[in-house]
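This is what each chain is made of:
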Amino acid sequence: MTTSQNELKRPHSPSYDLTGKRVVVVGGKTGIGLGMAQAAHAAGASVTVASRRSPSVANHPELAPFEQLVLDIGDEDAVRATFGAIGRLDHLLVAAGPTDGSWGAFMDEDMRGVRSYADSKFLGSWACARYAAPKLSSEGSITFLTGGIAARPKIGMTAVTSTFAAVEALARSLALELGPIRVNAIRPGFIDTDLWNFLSPTDAADVRERVRDNFPARRIGYPADVGHAAVFLMTNPYVTGTVLEVSGGETLVDWQF
Ligand SMILES: NC(=O)c1ccc[n+]([C@@H]2O[C@H](COP(=O)([O-])OP(=O)(O)OC[C@H]3O[C@@H](n4cnc5c(N)ncnc54)[C@H](OP(=O)(O)O)[C@@H]3O)[C@@H](O)[C@H]2O)c1
């Protein structure tokens, strides 16, 4: 047996270290994306966060560790130019997505909301992967973000369910086409972010209580829970083409939001 074969057979200890790695988190200035950016930074990476807004660090000190870029993933030319300017990177995380609920019900005659939602979440994720891929290290990875609704549809949420499922299929397909670059998706459940700010304080408290009563993990999820999973997917060299659910067991129980 040659040295390199011996080397491959030798069990190596797991590492969650991203020291010296460059990570780009699209949609990384708030919510789940920020949780991913903070986890990557804590693991040693230098992290760039990109999205449409450009919050000042004075008002948002949580963004101080990161390089900030302005990017609308719905604008393909801007995505191309941004990754052209970024240059080499090790890992891409795409957390961005519309959260304003403007997609509409299936029987609506006006499909503009659906087109706009799928255009931003699905084609935006596609564009980020397309223009980042030539810049990615061969040991690098791409991670998309979907949601538990991809596995358990809810009435009135067909656009979100279908779009998330398409993003998960994109991850599997790109794992084949871009290998050895690894491509995965994280499917979060109910995560405590500004997305839920439309709820009144009473309704929010009610949802939290029902989550505690019903979810196997007995609590709502936090962006840091998803960040932890993102670090795993970036550092494990043999996981690709998979969907990692981080939902506290939400999809196992009969629970209606
Ligand atoms: N929170 C949950 O319980 C949950 C559960 C399942 C799935 N998800 C999904 O997870 C993703 C993140 O949600 P979140 O809860 O973290 O909410 P959030 O804090 O509102 O995050 C959405 C992020 O996406 C960015 N974004 C939106 N449109 C963009 C665009 N066209 N180009 C670039 N960036 C864009 C926003 O930044 P800018 O406004 O600065 O562009 C924002 O940082 C969403 O796709 C959401 O549907 C969330």
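Anything mentioned here points back to the structure above.
Residues numbered from 1 in each chain as written. Predicted model: local features only at pLDDT ≥ 70, side-chain atom pairs only at ≥ 80, totals over all residues. Heavy atoms only, no water.

J.: How should I be thinking about the pattern of salt bridges in this particular structure?
T.: Pairing between side chains of opposite charge can happen when the charged atoms of each approach one another. The final tally for this structure, using the stated rule, is 10 salt bridges. Arg 219 is the partner of Asp 225 in a salt bridge, and the nearest nitrogen-oxygen pair spans 2.8 Å. Overall, Arg 219 belongs to the partly exposed group, its relative accessible area being 37%. Via salt bridges that share partners, Glu 76, Asp 77 and Arg 80 belong to a single interconnected network. (Salt bridge = Lys/Arg side-chain N within 4 Å of Asp/Glu carboxyl O. Buried < 20%, exposed > 50% of the residue type's maximum accessible area, 1.4 Å probe, protein only.)

J.: Could you clarify how one ought to interpret the sheet that holds strand β2 (residues 46–51) in this entry?
T.: The strands making up a sheet associate through hydrogen bonds between their backbones, and the pairing can be parallel or antiparallel. Across the sheet, seven strands lie side by side as β3-β2-β1-β4-β5-β6-β7; this open sheet has parallel pairing. Each end of this open sheet is capped by a strand with a single partner; those strands are β3 (67–70) and β7 (243–246). Strand-to-strand twist across the sheet, computed as the mean angle between neighbouring axes with direction ignored, equals 20°. Two strands pair when backbone bridges link them, and strand β5 (residues 136–145) and strand β6 (residues 182–188) are joined in this way by five bridges, in the parallel orientation. Counted as the bridge partner of Ser 141 is Arg 182 from β6. Against the sheet, helix α3 (residues 76–86) makes contact with β1 (22–26), β3 and β4 (89–94), and its axis sits at roughly 160° relative to β1, the strand it touches most. Those strands touched by helix α4 (residues 112–132) are β1, β4 and β5, and its axis lies near 175° from that of β4. (Pairing = 2+ DSSP bridges. Helix = DSSP H or I, 4+ residues; strand = E, 2+ residues; numbered from the N terminus. Axes fitted to C-alpha atoms, helices over the stretch in contact; angles between N-to-C directions. Contact = heavy atoms within 4.5 Å.)

J.: I would appreciate a short explanation of the site of the ligand in the present structure.
T.: Taken together, the neighbourhood of the ligand is formed by 27 residues, with Thr 30, Ile 32, Ser 51, Arg 52 and Thr 193 sitting nearest. Here an oxygen atom of the ligand and a backbone polar atom of Ile 191 are 2.8 Å apart. At the level of secondary structure, the elements contributing two or more residues to the shell around the ligand comprise α2 (31–42) and α4. A class-by-class count of the residues in the shell around the ligand yields 12 nonpolar, 11 polar and four charged. (Near = heavy atom within 4 Å. Polar contact = N/O pair within 3.5 Å; in protein donor to acceptor, adjacent residues only side chain to side chain. Nonpolar A, V, L, I, M, F, W, Y, C, P; charged D, E, K, R; others polar.)

J.: I keep staring at α2 and nothing clicks. Help me out?
T.: In an α-helix, one turn spans 3.6 residues; hence positions three or four apart end up facing the same way. Taking 1.5 Å per residue as the helical rise, α2 with its 12 residues ought to reach 16 Å, and the 17 Å between its terminal C-alpha atoms agrees with that figure. Listing the buried residues of α2 in full gives Ile 32, Gly 33, Leu 34, Gly 35, Met 36, Ala 37, Ala 39 and Ala 40. The secondary structure elements touched by the buried residues of α2 are β1, β2, β4, β5, β6 and α7 (223–235). Immediately downstream of α2, the backbone of Gly 44 shows phi near 110°, a positive value. (Expected span 1.5 Å × (residues − 1).)

J.: Would you mind showing me how to read the layout of surface pockets here?
T.: Taking a probe equal in size to a water molecule and rolling it over the atoms shows the remaining empty space. If you add up the space inside the second largest pocket, you get close to 470 Å³. As for the second largest pocket, its lining consists of 22 residues, and the residues nearest its centre are Ser 15, Met 234, Thr 235, Asn 236 and Pro 237. A per-element tally of the lining of the second largest pocket places β5 first, with four residues. Grouping the amino acids of the lining of the second largest pocket by side-chain chemistry returns eight nonpolar, nine polar and five charged. (1 Å grid on protein atoms, 1.4 Å probe; cavity = no way out; pocket = protein on both sides within 12 Å on 5 of 7 lines; lining within 4 Å. Points joined across faces, edges and corners; volume = space filled by probe spheres on them.)

J.: How should I be thinking about the pairing of β2 in this particular structure?
T.: Along a regular strand, successive side chains alternate from one face of the sheet to the other. Where burial is concerned, most of β2 is hidden: five out of the six residues are buried. Between the parallel pair β1 and β2, the chain is carried across by α2, and the sense of this crossover is right-handed. Pairing between β2 and β3: four bridges, direction parallel. Of the residues in β3, the one forming a bridge with Ala 50 is Leu 69. (Right-handed = clockwise from strand over helix to strand, strands pointing away.)

J.: Explanation requested: α4 in the structure shown.
T.: With 21 residues, α4 ought to run about 30 Å at 1.5 Å a step, and its terminal C-alpha atoms sit 28 Å apart, in line with that. Within α4, the axis deviates most sharply at Leu 123, by approximately 30°. Along α4, the residues that are buried comprise Gly 113, Tyr 117, Ser 120, Lys 121, Gly 124, Ser 125, Ala 127, Cys 128, Ala 129, Tyr 131 and Ala 132. Looking at the packing, one finds that the buried side of α4 touches β1, α3, β4, β5 and α5 (158–178). (Bend = angle between axes of the 7 residues up to and from the residue.)

J.: Would you mind going over unusual backbone geometry with me for this structure?
T.: Phi is mostly negative for residues that are not glycine, and the peptide bonds are mostly trans. Cis rather than trans, the peptide bond between Gly 179 and Pro 180 has omega equal to 10°. Residue position: Pro 180 is located in the loop between α5 and β6. One non-glycine residue, Arg 218, adopts positive backbone phi at about 60°. Turning to its location among the elements, Arg 218 is positioned in the loop between α6 (201–214) and α7. A residue is classified by how much of its surface remains accessible, and Arg 218, at 49% relative accessible area, is partly exposed.

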